[in-house]
Amino acid sequence: EADIYQTPRYLVIGTGKKITLECSQTMGHDKMYWYQQDPGMELHLIHYSYGVNSTEKGDLSSESTVSRIRTEHFPLTLESARPSHTSQYLCASSDLNRNTGELFFGEGSRLTVL
Amino acid sequence: AQSVTQLGSHVSVSEGALVLLRCNYSSSVPPYLFWYVQYPNQGLQLLLKYTSAATLVKGINGFEAEFKKSETSFHLTKPSAHMSDAAEYFCAVRSSGTYKYIFGTGTRLKVLA
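Peer 1: Mind showing me how you'd approach the overall build of chain B here?
Peer 2: Secondary structure summary: chain B contains zero helices and 12 strands in total. Overall, chain B shows an N-to-C arrangement of helices and strands of β-β-β-β-β-β-β-β-β-β-β-β. The dimensions of chain B, computed from C-alpha atoms along their principal axes, are 45 × 30 × 20 Å. Considering chain B as a whole, with its 113 residues, one finds that 42% of them fall into the buried category. Summarising the internal contacts of chain B: among those between residues at least 6 apart in sequence, 56% fall at separations of at least 24.

Peer 1: Would you explain the pairing of strand β9 (residues 73-78) of chain B in this entry?
Peer 2: The two faces of a sheet get side chains in turn, since along a regular strand they alternate between them. Residue and element names in this part refer to chain B. For β9, the buried fraction is high: five of the six residues fall into the buried class. The sheet contact formed by strand β8 (residues 64-68) and β9 spans five bridges and is antiparallel. Bridging from a neighbouring strand, E64 pairs with T77 of β9. Once β8 ends, the chain turns through four residues before running back antiparallel as β9, passing T72 with a positive phi of about 45°.

Peer 1: How should I be thinking about the sheet that holds strand β3 (residues 19-25) of chain A in this particular structure?
Peer 2: The strands that make up a sheet are held in pairs by hydrogen bonds between backbone atoms, and each pair lies either parallel or antiparallel. All names here are of chain A. Pairing in this open sheet of four strands is antiparallel, and the strands run β1-β3-β8-β7 from one edge to the other. The open sheet has two edge strands, β1 (4-7) and β7 (65-66), and neither has a second partner. Of the strand pairs in this sheet, β7 and strand β8 (residues 76-78) are connected by two bridges, and their pairing is antiparallel. If you follow T65 over to β8, its bridge partner there is T77.

Peer 1: Any chance you could explain the interface of chain A and chain B here in plain terms?
Peer 2: How big an interface is tends to be expressed through the accessible area that disappears when the partners come together. Contact residues are listed per partner, giving 27 residues for chain A and 24 residues for chain B. Between chain A and chain B the total buried area reaches about 2000 Å² when both faces are included, carbon and sulfur atoms providing 55% of it. Linking chain A with chain B are two salt bridges, by the criterion used here. Across the pair D59 of chain A and K100 of chain B runs a salt bridge, and its minimum N-O distance is 2.9 Å. Counting across the chain A and chain B interface gives eight residue pairs in polar contact (both at pLDDT 80 or more). When residues of the side of chain A that touches chain B are traced back to their parent elements, those giving at least two are β4 (31-37), β5 (43-51) and β9 (87-94) of chain A.

Peer 1: Please clarify how the state of the cysteines should be interpreted in this entry.
Peer 2: By definition, a disulfide is the covalent link that joins the sulfur atoms of two cysteine residues. Residues and elements named next belong to chain B. On inspection of all chains with the given rule, the structure shows two disulfides over all chains. C23 shares a disulfide with C91; S-S distance 1.9 Å. On the sign convention where negative means left-handed, the S-S torsion of about -65° between C23 and C91 marks this disulfide as left-handed. Placement of C23 in the loop between β3 (19-21) and β4 (24-26) and of C91 in strand β10 (residues 87-95) is noted, with a sequence separation of 68 residues between them.

Peer 1: Help me understand the side chain of H47 of chain A in this model?
Peer 2: All names here are of chain A. Looking at where H47 falls in the secondary structure, it is placed in strand β5. A distance of 2.9 Å separates polar atoms of two side chains, one belonging to H47 and the other to S64. Ignoring sequence-local partners within four residues, the contact set of H47 consists of M32, Y33, W34, E56, K57, G58, S62, S64, T65, V66, F74 and L76.

Peer 1: Sorry, what's going on with the layout of surface pockets here?
Peer 2: Any space left empty among the atoms is revealed by the rolling of a water-sized probe across them. Approximately 230 Å³ is the volume attributed to the second largest pocket. When contributions to the lining of the second largest pocket are tallied by element, the ones reaching two or more residues are β10 and β12 (107-112) of chain B.

Peer 1: Help me understand unusual backbone geometry, please; the structure alone is not making it clear to me.
Peer 2: Glycine aside, negative phi is the norm for most residues, and most peptide bonds take the trans geometry. Cis geometry is adopted by the peptide bond preceding P8 of chain A, which originates at T7 of chain A and carries an omega value of -10°. Within the secondary structure layout, P8 of chain A lies in the loop between β1 and β2 (10-13). The phi dihedral of N41 of chain B falls on the positive side, at around 60°, and the residue is not glycine. Mapped onto the elements, N41 of chain B comes out in the loop between β5 (31-38) and β6 (44-50). The backbone of N61 of chain B sits at a positive phi, close to 60°, despite the residue not being glycine. Relative to the elements of secondary structure, N61 of chain B occurs in the loop between β7 (56-58) and β8. What makes N61 of chain B partly exposed here is its relative accessible area of 43%.

What counts, and where the lines are drawn
- Residues numbered from 1 in each chain as written.
- Chains lettered and ligands numbered in written order.
- Predicted model: local features only at pLDDT ≥ 70, side-chain atom pairs only at ≥ 80, totals over all residues.
- Heavy atoms only, no water.
- Helix = DSSP H or I, 4+ residues; strand = E, 2+ residues; numbered from the N terminus.
- Buried < 20%, exposed > 50% of the residue type's maximum accessible area, 1.4 Å probe, protein only.
- Contact = heavy atoms within 4.5 Å.
- Pairing = 2+ DSSP bridges.
- Buried area = accessible area lost by both parts, 1.4 Å probe.
- Salt bridge = Lys/Arg side-chain N within 4 Å of Asp/Glu carboxyl O.
- Polar contact = N/O pair within 3.5 Å; in protein donor to acceptor, adjacent residues only side chain to side chain.
- Disulfide = S-S within 2.5 Å.
- 1 Å grid on protein atoms, 1.4 Å probe; cavity = no way out; pocket = protein on both sides within 12 Å on 5 of 7 lines; lining within 4 Å.
- Points joined across faces, edges and corners; volume = space filled by probe spheres on them.

Right under this line is the structure:
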């Protein structure tokens, strides 16, 4: 069973608000990822991290930022939310030292910006 | 560049019928391949993975997939569909030596009573 947690699960906020989506994993994985997924659509990688103090932008441009100060924690922040940021955000982690190193996903944070 | 193609964004089968979800990949080196399932308002759950140990891979919930290098395919099958199999299914690939996973566009499986 995966031990990766995302909060909040659902968030409805107004335009211009700052939000932080939390993601924590208890598996000690080095690699962590944020994907953005619109309803019924494919996953787009927006950020990833290979370890503490390492973050990279993904394939889909995003106005969000991430940090990785601790191995287990990989929060995503939007300084000023807009309706175009409405989406589901999925956090994942992997341990590539083990065989194929499959991704473990959290349950997602569904963001609605009014 | 790696890519994953899932043919058919929507697939409908009758309960008890064979499930076949198609996935083709392009990769310059032998890849690692995965199938994930996503239920509404949830994250993705691993169904099965190809590790190069065996070309026929068995996963959870009665699903299996066969790696065919000559066809660059990794199709997902289940002999008999159950109503609880209705979900979105994603194929994914990661090339050896990289840390990035590429996902297909997903196939929504509908199971008819």
